[in-house]
Structure formats: C-alpha cells, structure tokens
Amino acid sequence: MTVKKNKTQGIGFFEKYLTVWVLLCMAAGILIGKYFPDVPAFLGKFEYAQVSVPIAILIWLMIYPMMMKVDFASIKNVGKNPKGLYVTWITNWLIKPFTMFGIAALFFYVLFKNLIPADLAKDYLAGAVLLGAAPCTAMVFVWSHLTKGRPAYTVVQVATNDIIILIAFVPIVKFLLGVSDIAVPWDTLFLSVILFVVIPLTAGILTRTLVIKKKGEGYFKDKFIPKFNNTTIMGLLLTLIIIFSFQGDVILGNPLHIVLIAVPLIIQTFLIFFIAYFAAKVIKLPHDIAAPAGMIGASNFFELAVAVAIALFGASSPVALATIVGVLTEVPVMLLLVAIANKTKKWFPVT
C-alpha cells in the first residue's frame, strides 16, 4: 500500500481538510466581528467565573466524544511491553513542554524580536506553553491507523497519557508560565482542568460503561461511537468562529503574526516526533509501536489548550490566538510525519 493511499484512509472528510475548515472559520469569525460586532458582544455577556458559557459548551462537545473512545481497562496490559510507554511518557512530560518553551521563547523573544511587540510575545509564548503541556489523545488513533500502528498498544498509550494529564498538566503549566513571568492562579488552572478534562472524561467513562453494559461492546464501537464522528470537529469549528469573531482586530492588525507563531510550533512538532521515533529505533521497538509513540508526542491535545487559554486569558486574548494556530498547523504537519514514518518502516525490526 502506498503512502498516498494511507493518507486517505482512516481519516474522515472533516479531519482530512481540517486546516481548510479552520481557515474558513477564521475568515467567517473575522467578518462577523468586523461587520456584525453585536454578535460577539452578545455572546460575551454569557460568562461564569471568566469562562464563556457558549464556548465551554462547544468545547465539551469537542472533548466528550474523544473521551468515550479511551478504554481505561486497557491499562492492565501496561506491564506486558512497557518500553514504548516509557518513550511516550518521557517524551511527552519530561521533554516536550520544556522544548516547546525554549523554542517558542527563542523565536518570540530573540529571532522575531523586531516583528512581535514584547507584550504579544509573552502572550504567544503562553499559548505555546499550553500546547506543549497537552500531548495528543484522540487524533493519535487516526495517526496510528495511518501508520498501521498496533491498536491495542495505542489505546494503552492514550489511556495512560490521559491519566498523567490530570496530574501533570497544571503544575507544568504553572511552572513554565511562572518562568515566563505570567501570573496564573492555581485555582483558575485547576478549574480549567476540572471543566475541560475531568468532567468530559467522567462523562465519557460513564457513557462507555453504561452503553457497553446495556448493548455490548460491538454496538458501542460499531454503532454508538460513529454517531459522534463529526461532533468533535463541528464543535471545534463553531468554537473557532466565536473565537475569531473576538480576535478580528488582533488578526487584521497583525496578519503576519499567524505565520510567525506557526514557525516555532512546526519546528517543535518535527523535533518531538524525531526524538521519540529515534529513541524507539535505538531500543529496537517494532514500527507499529514506534510510530504511534512519535505521533502522540508530536501532536497536541489542542482542544484542551484552546479551552484553558480561553478560561485563563479570554477568547479575545493573543494567548487563545496562539493555540488556534496550533490547530491550523496540526493536520498538514502530522500527515507529513505519517508519510515519513511509513517510508522509514524498514528502519525497525520486523515482528
């Protein structure tokens, strides 16, 4: 099977053209903000504890279907072949957040110093930190499928990663934002994790358990989950329209900044993928474990990053804009890494 065919299988229509939809939503949101300013003004009235209620609802729609897919019972298989998990955990939590911080700081504060004002550079760095501290969960299943990854092992990688997010996300973000001289209250961070991880995760686990108990696992995987196939993407796109309706003035005033933000994010994605991928090669992991290990670190749980950025800094903040650029670059870059992984399969031992 050729790489070209792999690219078109296992990824849905909306996911495949996600970058296009993001660009369209960006344009729609900017136009709404410019020509229909009463719309974002009206939506801005619905807030609780500085969290936009309409955006919170849409973000739950994004995250909830993904959480239903994670089988936490698979964690019992962790001990059977832990090397791939070590690569995933070390890359995601001991390397990725800190390289993201370093690369973003280098570009925003040094290389792009004359192009980005200091106050915006700090905000863009905060957005990059939120992306770096949120390794991917759901889309990894797509990337794993496209690289013929081992499905059961990918499930374990994702399940354990979700558990670590609950423990490590807040202190890592707090530490790196503190280093960046950005004050963020602990309670706000914890509230964000509760709202956008704990609640949808709990709802997903309960839904999965109840549906499987009542209808069986076959029904859950083959009929129930497909009902939500487009819910996540539609929730994301509607969220982006609202966010960009708030962001119109910032974007129109700084169109070049979209490109400038994308540069370190793309470099970080390639760096993290190859760190994990080559580590897997060195310890002689099979390709169907190595490829997903690289993918889960390289891609981001951008839904969580967007949600937390909005909760902490507001939908109209440059921080939220930086996380949205992460969404913009995600799919094309990851598809390129899928192609690289498929072409280098011969590097790994045959199982």
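Small disclaimer: the values here were computed from a predicted structure and weren't measured. (Residues numbered from 1 in each chain as written. Predicted model: local features only at pLDDT ≥ 70, side-chain atom pairs only at ≥ 80, totals over all residues. Heavy atoms only, no water.)

1. Some details on the pattern of salt bridges
Here comes step 1: Inspection of the entire model under this criterion finds two salt bridges.
Here comes step 2: The salt bridge partner of Asp288 is Arg150, with a shortest N-O separation of 3.2 Å. Taken together, the residues span a long stretch of sequence, with Asp288 in helix 14 (residues 287-298) and Arg150 in the loop between helix 8 (139-146) and helix 9 (151-179) at a distance of 138 residues.
Here comes step 3: Between Glu217 and Lys221 there is a salt bridge; the shortest N-O distance is 3.0 Å. In this pair, Glu217 and Lys221 both sit in helix 11 (residues 217-224), four residues apart, roughly one turn of the helix. (Salt bridge = Lys/Arg side-chain N within 4 Å of Asp/Glu carboxyl O. Helix = DSSP H or I, 4+ residues; strand = E, 2+ residues; numbered from the N terminus.)

2. Some points on the packing of helix 6 (residues 83-111) against helix 7 (residues 118-132)
Any two packed helices are characterised by how steeply their axes cross, that is the angle between the axes, and by the distance between the axes.
Here comes step 1: The contact between helix 6 and helix 7 brings their axes to 9 Å, and the two run at 160°. Relative to helix 7, the element helix 6 is oriented roughly antiparallel. Regarding helix 6 and helix 7, the two cross each other, and that crossing is right-handed. The residues of helix 7 that touch helix 6, namely those facing Lys96, Pro97, Met100, Phe101, Ala104, Ala105, Phe108 and Tyr109, are Ala121, Lys122, Tyr124, Leu125, Ala128, Val129, Leu131 and Gly132. (Axes fitted to C-alpha atoms, helices over the stretch in contact; angles between N-to-C directions. Parallel < 35°, antiparallel > 145°, perpendicular 65-115°, else oblique. Left-handed = near helix turned anticlockwise from the far one by under 90°. Contact = heavy atoms within 4.5 Å.)

3. Observations concerning empty space enclosed by the protein
Here comes step 1: Per the counting criterion, the structure on display carries one cavity of 30 Å³ or more.
Here comes step 2: Of the voids in this model, the largest cavity is the one considered here, and its volume is about 70 Å³.
Here comes step 3: As for the largest cavity, its lining consists of Met100, Leu265, Thr269, Ala298, Asn300, Gly326, Thr329, Glu330, Val333 and Met334.
Here comes step 4: When contributions to the lining of the largest cavity are tallied by element, the ones reaching two or more residues are helix 13 (256-282) and helix 16 (318-343). (1 Å grid on protein atoms, 1.4 Å probe; cavity = no way out; pocket = protein on both sides within 12 Å on 5 of 7 lines; lining within 4 Å. Points joined across faces, edges and corners; volume = space filled by probe spheres on them.)

4. Focus: the packing of helix 14 against helix 16
Here comes step 1: Interhelical geometry of helix 14 versus helix 16 gives an angle of 160° and a closest axis separation of 11 Å. What the angle tells us is that helix 14 and helix 16 run roughly antiparallel. The chirality of how helix 14 crosses helix 16 is right-handed. The segment helix 14 lies against helix 16, with His287, Ala291, Met295 and Ala298 engaging Met334, Leu337, Val338, Ala341 and Asn342.
Here comes step 2: Classifying every residue of the contact of helix 14 with helix 16 gives seven nonpolar, two polar and no charged. (Nonpolar A, V, L, I, M, F, W, Y, C, P; charged D, E, K, R; others polar.)

5. Quick look at helix 16
Helical periodicity: at 3.6 residues per turn, an α-helix aligns residues three or four positions apart in one direction.
Here comes step 1: The terminal C-alpha atoms of helix 16, which comprises 26 residues, lie 38 Å apart, in line with the 38 Å expected from a rise of 1.5 Å per residue.
Here comes step 2: Taken as a whole, helix 16 carries its principal kink of about 40° at Glu330; the proline Pro332 stands between one and four residues after it.
Here comes step 3: By the criterion of burial, helix 16 is predominantly enclosed, with 22 of the 26 residues buried. (Expected span 1.5 Å × (residues − 1). Bend = angle between axes of the 7 residues up to and from the residue. Buried < 20%, exposed > 50% of the residue type's maximum accessible area, 1.4 Å probe, protein only.)

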